[in-house]
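# Understanding the architecture of this molecule
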2 protein chains.
Amino acid sequence: MFTYSFESKETKSLYLQLYAFIKADILGGRLQAGARLPSKRAAAKNLGVSVITVENAYAALQSEGYVYSLPKKGYYVSEIAALFPAAAKPLPAVQEAPRETDPAYRYSFAANGIIPENFPFSIWARLMRETLNTARAEVSAAPPSGGLTILKEAICAHVKQFRGMEVTPAQVIIGAGTEYLYSLIIQLLGGEKTYAVPNPGYAKLARIYESVGVKCAYVSEDAQGMDIASLAHSGAHIAHVSPAHHFPSGTVMSISRRHELLNWAAQSEERYIIEDDYDSEFRLSGRPLPALQSLDSAGKVIYVNTFTKSLSPTIRISYMVLPRALTGRFYERLGFYSSTVSSFEQYTLAQFIRRGYFEKHINRMRNYYRKIRNCLLEAIQSSALAALARVSEEEAGLHFLLHLRTDAADADLKQQAALAGTEIRFLSEYYRHTSPAIPAHILVVNYSTLRMEDIPAAVKALEKVICESNSNLAELN
Amino acid sequence: MFTYSFESKETKSLYLQLYAFIKADILGGRLQAGARLPSKRAAAKNLGVSVITVENAYAALQSEGYVYSLPKKGYYVSEIAALFPAAAKPLPAVQEAPRETDPAYRYSFAANGIIPENFPFSIWARLMRETLNTARAEVSAAPPSGGLTILKEAICAHVKQFRGMEVTPAQVIIGAGTEYLYSLIIQLLGGEKTYAVPNPGYAKLARIYESVGVKCAYVSEDAQGMDIASLAHSGAHIAHVSPAHHFPSGTVMSISRRHELLNWAAQSEERYIIEDDYDSEFRLSGRPLPALQSLDSAGKVIYVNTFTKSLSPTIRISYMVLPRALTGRFYERLGFYSSTVSSFEQYTLAQFIRRGYFEKHINRMRNYYRKIRNCLLEAIQSSALAALARVSEEEAGLHFLLHLRTDAADADLKQQAALAGTEIRFLSEYYRHTSPAIPAHILVVNYSTLRMEDIPAAVKALEKVICESNSNLAELN
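This write-up is about the structure you can find in this document. Keep in mind it's a predicted model, so treat the numbers as computed, not measured.

### A word on the packing of helix α7 (residues 178-189) of chain B against helix α13 (residues 324-334) of chain B
Residue and element names in this part refer to chain B. Between α7 and α13, whose axes approach to 10 Å, the crossing angle comes to 100°. Considering the angle they form, α7 stands roughly perpendicular to α13. Where α7 abuts α13, its residues L184, Q187, L188 and L189 lie against L326, R329, F330, R333 and L334. Grouping the constituent residues of the contact of α7 with α13 by class yields six nonpolar, one polar and two charged.

### Notes on the sheet that holds strand β5 (residues 194-199) of chain B
Residue and element names in this part refer to chain B. With mixed pairing, eight strands are arranged side by side in an open sheet as β4-β11-β10-β9-β8-β5-β6-β7. Of all strands in the sheet, those with a lone pairing partner are β4 (172-175) and β7 (225-226), marking the two edges. Bridge analysis of strand β8 (residues 238-241) against strand β9 (residues 272-276) gives four bridges, and the strand direction is parallel. By the bridge assignment, I238 is partnered in β9 with Y272. Contacts between α7 and the sheet are confined to β4, β5, β8, β9, β10 (301-306) and β11 (318-321), with β10 contributing the most and set at about 165° to the helix. Sheet strands in contact with α13 are β4, β9, β10 and β11, and its direction is about 45° off that of β4.

### Quick notes on the sheet that holds strand β12 (residues 389-392) of chain A
All names here are of chain A. The sheet built from three strands is open, its strands ordered β12-β13-β15 with antiparallel pairing. Of all the strands in the sheet, the pair left with one neighbour each is β12 and β15 (442-446). Here the average twist between neighbouring strands, direction ignored, is 30°. Strand direction decides the pairing type here: β12 and strand β13 (residues 399-404), joined by four bridges, are antiparallel. Bridge pairing in β13 places R390 opposite H403.

### Quick look at the interface of chain A and chain B
Opposite the 84 residues of chain A that make contact, chain B presents 83 residues. Taken over both partners, the interface formed by chain A and chain B buries close to 7,800 Å², and the fraction arising from carbon and sulfur atoms is 60%. For the interface between chain A and chain B, the tally reads zero salt bridges. Linking chain A with chain B are 18 residue pairs in polar contact (both at pLDDT 80 or more), by the criterion used here. By residue number, the principal contributor to the side of chain A that touches chain B is helix α12 (residues 324-334) of chain A, which donates eight residues. Split by residue class, the side of chain A that touches chain B holds 42 nonpolar, 24 polar and 18 charged.

### Let's talk about the environment of N367 of chain A
Residues and elements named next belong to chain A. Mapping N367 onto the fold places it in helix α14 (residues 357-381). Of the residues examined, N367 reaches a relative accessible area of 41% and is grouped as partly exposed. For the pair N367 and V391, spaced 24 residues apart in sequence, the C-alpha to C-alpha distance is 20 Å. Here R370 takes part through its side chain, which lies 3.0 Å from a polar atom of the side chain of N367.

### Description of the relation of the copies chain A and chain B
Placing chain A over chain B gives an RMSD of 0.1 Å and needs a rotation angle of 180°, together with 0.1 Å of translation along the axis. A rotation of that kind, with that shift, is consistent with a two-fold axis. The fraction of interface residues of chain A whose copies in chain B are also interface residues reaches 99%, indicating that both copies meet through the same surface.

### Topic: unusual backbone geometry
Here the residue pair N199 of chain A and P200 of chain A is connected by a cis peptide bond, since its omega of 5° sits within 30 degrees of zero. Structurally, the position occupied by P200 of chain A is in the loop between β5 (194-199) and α8 (203-211). In this chain, F247 of chain A is followed by P248 of chain A through a cis amide linkage whose omega measures 5°. Here the phi dihedral of H441 of chain B falls at roughly 70°; this positive angle occurs in a residue that is not glycine.

### Concerning the pattern of salt bridges
Residues and elements named next belong to chain A. One pass over the structure, following the stated rule, counts 28 salt bridges over all chains. Residues E192 and K193 are paired through a salt bridge, measuring 2.8 Å at the closest nitrogen-oxygen approach. You can call E192 exposed: its relative accessible area is 59%. With relative accessibility at 9%, the residue K193 sits in the buried group. Between E463 and K460 there is a salt bridge, and its shortest N-O distance comes to 3.7 Å. Placement of both E463 and K460 in helix α16 (residues 455-469) is noted, with a separation of three residues, approximately one turn of the helix. Given the relative accessible area of 56%, K460 is considered exposed. By sharing partners, the salt bridges in this structure join D222, R257 and E260 into a single network.

Rules used throughout
- The numbering scheme is per chain: residues are counted from 1 as the chain's sequence reads.
- Naming scheme: in the order in which they are written, chains are lettered from A and ligands are numbered from 1.
- Totals for whole chains, interfaces and linings use every residue, but because this is a predicted model, local features are given only for residues with pLDDT of at least 70 and side-chain atom pairs only at 80 or more, for both listing and counting.
- Hydrogen atoms and water are omitted, and side-chain values are computed over all heavy atoms in the structure.
- In this analysis an axis means a line fitted to C-alpha atoms, helices contributing only their contacting stretch, and an angle means the value between N-to-C directions, from 0 to 180 degrees.
- Numbering of helices and strands runs from the N terminus; a helix is a DSSP stretch of H or I covering at least four residues, while a strand is a stretch of E covering at least two.
- In what follows, roughly perpendicular refers to angles from 65 to 115 degrees, roughly parallel to angles under 35, roughly antiparallel to angles over 145, and oblique to any angle outside these ranges.
- Note on contacts: a residue pair is in contact if any heavy atoms of the two residues lie within 4.5 Å.
- Side-chain classes are defined by residue name, with Ala, Val, Leu, Ile, Met, Phe, Trp, Tyr, Cys and Pro counting as nonpolar, Asp, Glu, Lys and Arg as charged, and the others, Gly among them, as polar.
- Strand pairing is defined by DSSP finding a minimum of two bridges between the two strands.
- Accessible area that two parts lose when put together, with a 1.4 Å probe and added across both, is what the buried area reports.
- One side-chain nitrogen of Lys or Arg within 4 Å of one carboxyl oxygen of Asp or Glu is enough to make a salt bridge.
- The term polar contact refers here to a pair of N or O atoms within 3.5 Å; inside protein, the definition further demands a hydrogen-donor-capable atom paired with an acceptor-capable atom, and it admits residues adjacent in sequence only when both atoms are side-chain atoms.
- Each residue's exposure class comes from its accessible area (1.4 Å probe, protein chains only) as a fraction of the maximum for that residue type: buried when under 20%, exposed when over 50%, partly exposed otherwise.
- Residues below a pLDDT of 70 in either copy are left out; the C-alpha atoms of the rest, at least 70 in both, set the least-squares superposition of the copies.

As structure tokens, this is what we get:
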């Protein structure tokens with residue numbers, strides 16, 4: 001029988017005290033596995049507490065598995081003592097999350113971001129408030145798997161006007177970032193397929209494919225876009241391209257190459273094209289090219305775009321547009337997934353697009369980037385770099401190439417620049433190590449996060465690095 | 001030489017008109033591949049427009065690939081005519097997105113959701129407004145890969161207080177829903193591993209694993225939790241369990257089984273446990289059980305939980321807590337992924353937790369669900385079901401089991417109920433078809449979306465179905 005002495009029940013309820021006493025006896029081995037606990041009535045009488053108190057303590061012990069009950073027999077101690085792990089080892093170290101940006105750089109010609117002030121924050125905040133006040137029912141419910149219809153409709157209208165695409169809301173799938181959408185595409189088209197990524201290209205892309213265990217083929221690019229002979233030769237089933245503006249080479253895929261690519265896809269049922277249209281909004285001069293998707297009569301193009309790049313990094317909303325014939329497969333196989341974007345943010349974005357704020361923002365940003373680019377180009381032209389560098393691919397979106405006349409190695413220049421507090425990146429860094437001919441001395445100049453007021457000093461820093469590293473400067477001049 | 005006649009340039013700029021004329025000639029085959037365009041100067045003179053106009057038109061044609069230029073030679077028509085696809089086929093049908101809920105049911109004992117009104121919408125809205133006003137810089141930037149530190153810290157404090165877990169912010173990873181986090185876990189632990197899911201269990205779980213192409217083992221459950229002998233026999237490397245409250249059986253994993261499971265995991269470096277703690281907040285009586293994670297001294301438990309179930313379906317924020325030793329592997333291999341939740345929602349949720357609103361909400365909801373459950377149990381007890389049904393597993397979270405005395409088949413009862421506008425689901429539906437012994441006549445009664453005022457009518461409807469389908473009613477009584 002139990003012999004426990006209770007503290008005042010003001011401190012801790014009697015049943016919890018009893019629970020703790022018995023638990024300690026079980027863990028300490030004083031109550032052995034298989035032992036029968038006293039009946040509730042007997043224990044209550046013995047301890048001078050109510051039956052309810054004992055009942056509650058036994059129930060708590062049972063719910064945690066320390067005791068079990070047999071119908072009409074009573075409570076027994078569980079077999080647990082032997083199972084406790086050996087003495088705790090010292091805890092392994094926790095690796096901290098890495099910092100997003102390297103604060104050591106004063107200027108960056110490499111960052112691929114957005115300056116937060118350019119986001120129309122007060123309009124967005126107003127629409128959020130409005131959504132909270134007027135659309136409570138809509139935003140309290142779980143969004144359907146593919147996204148809110150109101151946002152899908154707004155996106156249909158947008159891509160019709162700006163990208164020449166005729167699509168219906170059911171073809172549009174909303175997701176929390178393009179990276180997430182790629183994982184859906186892989187599930188839709190098959191993880192056993194080979195995915196062609198451009199070389200040179202955005203390293204993260206191949207990393208995503210490889211992280212989920214699908215095979216990547218690296219396909220070379222020429223001046224018109226992805227090389228179709230290499231693509232065909234690679235054995236890839238799916239080609240991942242950015243026809244509007246290839247990163248980092250800046251190539252706009254030619255009309256003829258677009259048709260060659262569509263023809264390649266049409267040759268086999270398994271083939272598809274992922275059109276990653278990530279910065280098509282920011283073509284700075286000339287007419288915007290229609291999307292590859294709008295030329296696709298065979299249902300082979302999956303179009304992907306994001307608001308994270310065109311609006312703000314705080315908005316984690318991307319979308320894809322499926323070929324009509326794939327919508328059935330999508331909802332059947334993947335329609336069980338919950339949407340990854342809250343109804344609230346989907347609804348706010350829908351209002352932002354419907355009321356024309358998105359279009360206005362894009363126009364404003366295009367002007368802004370044009371100014372930054374022109375100012376940067378002028379600063380380069382009026383520096384010593386003018387004699388040592390040639391600019392190309394400066395028309396479509398947020399970066400251009402700077403071909404340097406130098407005999408220094410790219411890695412050395414990069415290091416010199418870093419020492420001078422300036423981040424630069426070369427085209428050669430976007431090639432696979434194994435590529436046969438990697439072009440040297442071509443800078444990929446990304447000006448999306450460069451501030452107007454920093455341009456003179458940033459160009460000065462770059463000029464100094466390039467001139468000083470160049471031992472044959474006099475000769476080149 | 002060109003012979004085009006322009007409209008007034010008020011209607012459309014001259015260069016766009018010229019662009020359209022030449023493009024139409026190329027597409028119509030009147031200008032053949034390889035043909036040289038007139039020089040800009042000659043064309044300008046001939047057409048009576050400025051050289052700039054011709055320059056702009058040629059540049060637009062070139063950027064779209066209709067023409068190409070050879071240095072010092074001029075512009076030539078591209079090889080494109082042959083590439084245009086054959087006459088368009090009729091468009092394939094678009095399958096519409098399925099509806100989320102079946103509106104045909106008047107009452108549901110099966111829905112696994114939340115009643116939107118229970119979400120403290122006005123507090124949430126106030127915190128959102130405050131965030132917009134005061135944390136503009138924080139929410140305009142891209143969140144770090146694993147999530148905002150302020151939210152990770154709030155989660156650490158929460159799981160310490162409520163689940164007995166001692167963890168640091170770097171171990172916490174934020175993601176847009178548990179389904180997304182599972183995909184990260186698979187990438188972290190390996191897609192070639194076998195993942196054990198409980199049988200019976202939540203069908204979606206196996207569907208997610210199978211959709212991303214990993215092998216699932218179905219492991220049976222007994223009254224204490226996942227069966228360890230079956231688990232060992234299955235060859236699985238990773239066990240996916242919900243120790244706090246298994247769905248649908250309602251089992252709380254016993255302390256001894258928890259230790260057996262931890263011992264199983266400790267036996268091989270490849271083994272891990274995913275602790276899916278999805279509704280641990282809603283234990284309705286007794287003391288909450290500490291998380292399995294808090295017993296884990298070997299670094300084998302990945303803890304997963306979501307705010308979508310505990311707060312509102314509109315909040316797509318989930319988190320996982322990695323063992324200390326896995327944090328390095330996570331940031332190295334998967335730290336390149338962008339966060340899937342906007343800084344804005346992460347920041348708002350952090351405030352909601354820090355200021356105690358989350359705790360208050362959980363307490364309020366626990367009381368609310370207790371009332372609903374008690375009212376539902378009373379309604380059952382005072383109906384004809386009392387003689388035909390026994391309740392079990394009513395303590396932990398949002399559903400209980402109703403063991404029916406009946407000779408009707410589960411499928412027939414389900415159909416009868418559906419005809420009467422009532423959705424019910426049997427435990428047997430959560431078993432794999434191939435399971436050896438599937439228990440019949442056990443209803444999984446989920447009351448999370450049942451409204452207080454609907455309970456009498458809903459129970460009446462259920463009573464009618466069960467009584468009428470039971471041909472031996474008199475005999476059983």
